[in-house]
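# A structural walkthrough
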Amino acid sequence: MAAKVIEHHLLPWAMRELPSPWNDLTPKRKRTLEVLPHTAANEQAAMDALAAALSETRPASPDGWSDESWELYDRFRAECAHRLAQAMPTADLLTREGVIDVLRAWAQNAAGSVPDWWIEERTDGILATWARSVLSVWAHDVLWWLRQEPQDQRSIAAAAERCVRADLSAQEAVNLLHALGAPHGEQALLRVVQDAGVSAHHRAWAREWLIAIRRRGYDSRGREQAHGEEPLLPPAVRELPYAWASGFQWPSGLPETEENLARARAVLEACLPAEPVSEPAPAPSWEGGEDEEPPAWLEVRSVMSRLMPYARQVTRERMTEAVRECALLGIPGCPPDPEGEQAQLFARRWVAWISSWIAGEVFTWLGMHVDSPVGITPWAMELAERYAHHDVAAGPAVAMLRWHDTVPRARQALCRIAADNALPPGVRESACDGLSRSEACGQG
C-alpha cells in the first residue's frame, strides 16, 4: 500500500472546517456574498469565519527581498492567480505542495526567464506572501458583507477590531468600524489609534475615519460663541470675519476700500512677532507624494479648525480641548497631558502658526487682488520685508512683493531679502525670481 502523502496546509486549521461560501477562495465568493441574505445566522457565520482566520498566527512577509524578487513574485501572482484558484478553490485545499507545483510549472513555461535560485531560495517567502494575499482578499470580502447590513454591531465591531490588530485586511476593517459609527465602531477605533502594536499607517487610517465620526461634535462646539473664554489672538485679528475652515482666505472680489486696507494692515501688524521665529509655520497646503504619509499637524489642524473655526474662537479653553482631543486620537507629537508644560508649548506653537497662516492670506489678497499699489505703499512693502526676515509667512510676503514688483520699494525689499544669508534658501530664491542678476547681487 502506498504511503499517504502528507500535505502542508497554508491556512489555519479552523478555516479548513468552514462551510461554503466562507471557505471559497475563488472570485466567485464575492458574487455569492452579494446575494447572501443578511440573517442573524449568516452574520454569526461570517464572524465565526473571521475568528477562524485569526485562530493561528500567519507567517510574516519576507524581509530583505530585492526588487528583482518582488518583480518575479508580481509576475507569478498576475499570471497564476486564476490557475491557483482553479487548482485549490477552497481553504482546505490550499497547500504548500499545490502552490509549489503551480509555481514550478509556471517557471518552466513562463514567457520571461525565471531563475532557479529564486524558486529554490525564496520558496518559503513566496508561499507565505501568497497565503497572506489570499487571506487578505478573503477577509476583505467577509468584512464587506458584514458592513452592508450589520445587526449585532457590538460583536461585529469586536471582530473588525481584531482584524485591524492582526493586520488582516485592516483598512477594510477600519472602513467597517467607521460605518458602524457610534458607539461601538467609534469606541473600537479609539482603542486602535492608541495601540502601538498597530502599524502607524493603519492607525493614521483609523484616525481619519475616527475624526469623521467625531466631526459632528467638533462642529457643534465650533458653532458656540466664545463668551467668557480667554482669547489667544490680538484684538485686530479676532475681528477677522473669514473662517479658518476656508483657510482664512479673503474673498477675491473684496473691494479695495480704506476700511479693508486698514484691516489688512492692522492684522499684519498684530501678527508680526517681535523677533525671528525658530519654528516657522508649515505651508498651509501639503503636497506630498502618493507614498508619503501626511504630516501629523494636518490631523491636528482638522480638529482645531472645527473646534474654533474663527479667529475670535481661538481661546485657551478651546486650545486645551483640542490638545485633549488630539491626545485621545493618538496623533503623533501631541502632548498627553492637556494641562502640562508640553501642552502649553504646543498651544503657543499653534497660536503662532495660526497667526502666520492668517498673515499669509492677507498678503495673498494684497498681492493678487489689490490692483493699485498706491493704497498699500509703503506700509505693505515694509511689513512684507519684515515678515520675510522673521521667516513668518515668508512665502506669501515675498509673493506679494513680486506681484507689485513695478513699485521701487517692493523691488528694493526683494533685493535685500535675496541678499540675506540668514534666510532659508527657498525664501531667497523666491525673492531672486523676477530680479535681474545685478539687482539681486548688488545688495550682497
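Structure's up top.
A tally of helices and strands in the chain yields 19 helices and zero strands. Taken along the three principal axes of its C-alpha coordinates, the chain extends 100 × 55 × 40 Å. Across the 444 residues in the chain, those meeting the buried criterion constitute 47%. Of all intrachain contacts in the chain linking residues separated by at least 6 positions in sequence, the fraction that spans at least 24 positions is 73%. With an accessible surface of roughly 22000 Å², the chain has 50% of that area assigned to carbon and sulfur atoms.

Quick look at the packing of aromatic side chains now. Counting across every chain of the model gives 18 aromatic pairs. Considering the side-chain rings of Trp 22 and Trp 145, the 5.9 Å spacing of their centres and the 75 degrees angle between planes classify their relative orientation as edge-to-face. Residue Trp 22 is located in the segment before helix 1 (28–34), and its partner Trp 145 is located in helix 5 (residues 116–148); the two are separated by 123 residues in the primary sequence. Judged on exposure class, the residue Trp 22 and its partner Trp 145 are both buried.

With respect to the helices and strands, His 38 occurs in the loop between helix 1 and helix 2 (40–53). Accessibility expressed as a relative area gives 19% for His 38, which makes it buried. Counting along the chain gives 112 residues from His 38 to Pro 150, while the straight-line C-alpha distance between them is 8.0 Å. If near-sequence neighbours (up to four positions away) are discounted, His 38 is found in contact with Trp 145, Gln 148, Glu 149 and Gln 151. A distance of 3.4 Å separates polar atoms of two side chains, one belonging to His 38 and the other to Trp 145.

Core analysis: the biggest nonpolar cluster contains 141 residues, and Phe 76, Trp 118, Trp 138, Trp 350, Ile 358, Leu 366 and Tyr 387 have the highest contact counts within it. For this core, the element with the highest residue contribution is helix 5, accounting for 15 residues. Excluding residues within four positions of it along the chain, Trp 138 makes contact with Met 15, Leu 18, Trp 22, Asp 24, Leu 25, Arg 29, Ala 49, Leu 50 and Ala 53.

Here we come to helix 4 (residues 96–109). Taking 1.5 Å of rise per residue, the 14 residues of helix 4 would be expected to cover 20 Å, and the 20 Å separating its terminal C-alpha atoms lies within 8% of that figure. Elements that come into contact with the buried residues of helix 4 comprise helix 3 (67–87) and helix 5.

Right, let's talk about the pattern of salt bridges for a bit. What the rule picks out here adds up to 24 salt bridges. We note a salt bridge from Asp 141 to Arg 29, for which the minimum N-O separation is 2.9 Å. A residue pair is termed long-range when its members are at least 10 positions apart, and Asp 141 in helix 5 and Arg 29 in helix 1 qualify at 112 residues. The two residues Asp 141 and Arg 29 agree in class, both being buried. The residue Glu 321 makes a salt bridge to Arg 221 at a minimum N-O spacing of 2.7 Å. Residue Glu 321 is located in helix 13 (residues 316–328), and its partner Arg 221 is located in helix 9 (residues 200–222); the two are separated by 100 residues in the primary sequence. Connected via shared salt-bridge partners are Arg 221, Glu 224, Glu 229, Arg 318 and Glu 321.

Peptide bonds are mostly trans, and most non-glycine residues show a negative phi. In this model, Ser 20 is joined to Pro 21 through a cis peptide bond whose omega is 5 degrees. Note on placement: Pro 21 falls in the segment before helix 1. Cis geometry marks the peptide bond from Thr 377 to Pro 378, where omega comes out at 5 degrees. With respect to the helices and strands, Pro 378 occurs in the loop between helix 14 (341–368) and helix 15 (379–390).

Here Gln 313 is to be found in the loop between helix 12 (296–307) and helix 13. Looking at Gln 313, its side chain comes within polar contact range of the main-chain oxygen of Gly 222, at 2.7 Å. For Gln 313, the contacting residues outside a window of four places in its chain are Gly 222, Glu 224, Ala 226, Met 308 and Arg 318.

Let's shift gears to the environment of Val 362. Within the secondary structure, Val 362 is located in helix 14. Separated by 99 residues in sequence, Val 362 and Arg 263 have C-alpha atoms that sit 9.4 Å apart. Excluding residues that lie within four positions of it along the chain, Val 362 makes contacts with Trp 250, Ala 264, Val 267 and Leu 268.

Since one α-helical turn is 3.6 residues long, residues separated by three or four positions face the same way. When the terminal C-alpha atoms of helix 11 (residues 258–271) are compared, their 20 Å separation across 14 residues agrees well with the 20 Å that a helix rising 1.5 Å per residue should span. Restricting attention to buried positions, one finds in helix 11 the residues Asn 260, Leu 261, Ala 264, Val 267, Leu 268 and Cys 271. Taken end-on, helix 11 shows its buried residues confined to a sector of 125 degrees, consistent with a single buried face. Of the exposed residues in helix 11, the ones pointing more than 90 degrees away from its buried face are Glu 258 and Glu 259. Looking at the buried positions of helix 11, the neighbouring elements they touch are helix 10 (235–238), helix 14 and helix 15.

Cut-offs used in this document
Residues numbered from 1 in each chain as written. Predicted model: local features only at pLDDT ≥ 70, side-chain atom pairs only at ≥ 80, totals over all residues. Heavy atoms only, no water. Helix = DSSP H or I, 4+ residues; strand = E, 2+ residues; numbered from the N terminus. Buried < 20%, exposed > 50% of the residue type's maximum accessible area, 1.4 Å probe, protein only. Contact = heavy atoms within 4.5 Å. Areas by Shrake-Rupley, 256 points an atom, 1.4 Å probe, with all protein chains shown as cover. Phe/Tyr/Trp six-rings, centres within 6.5 Å; stacked < 30°, edge-to-face > 60°. Polar contact = N/O pair within 3.5 Å; in protein donor to acceptor, adjacent residues only side chain to side chain. Core = buried A, V, L, I, M, F, W, Y, C linked by side-chain atoms within 4.5 Å. Expected span 1.5 Å × (residues − 1). Salt bridge = Lys/Arg side-chain N within 4 Å of Asp/Glu carboxyl O. Arc of directions from axis to C-beta.

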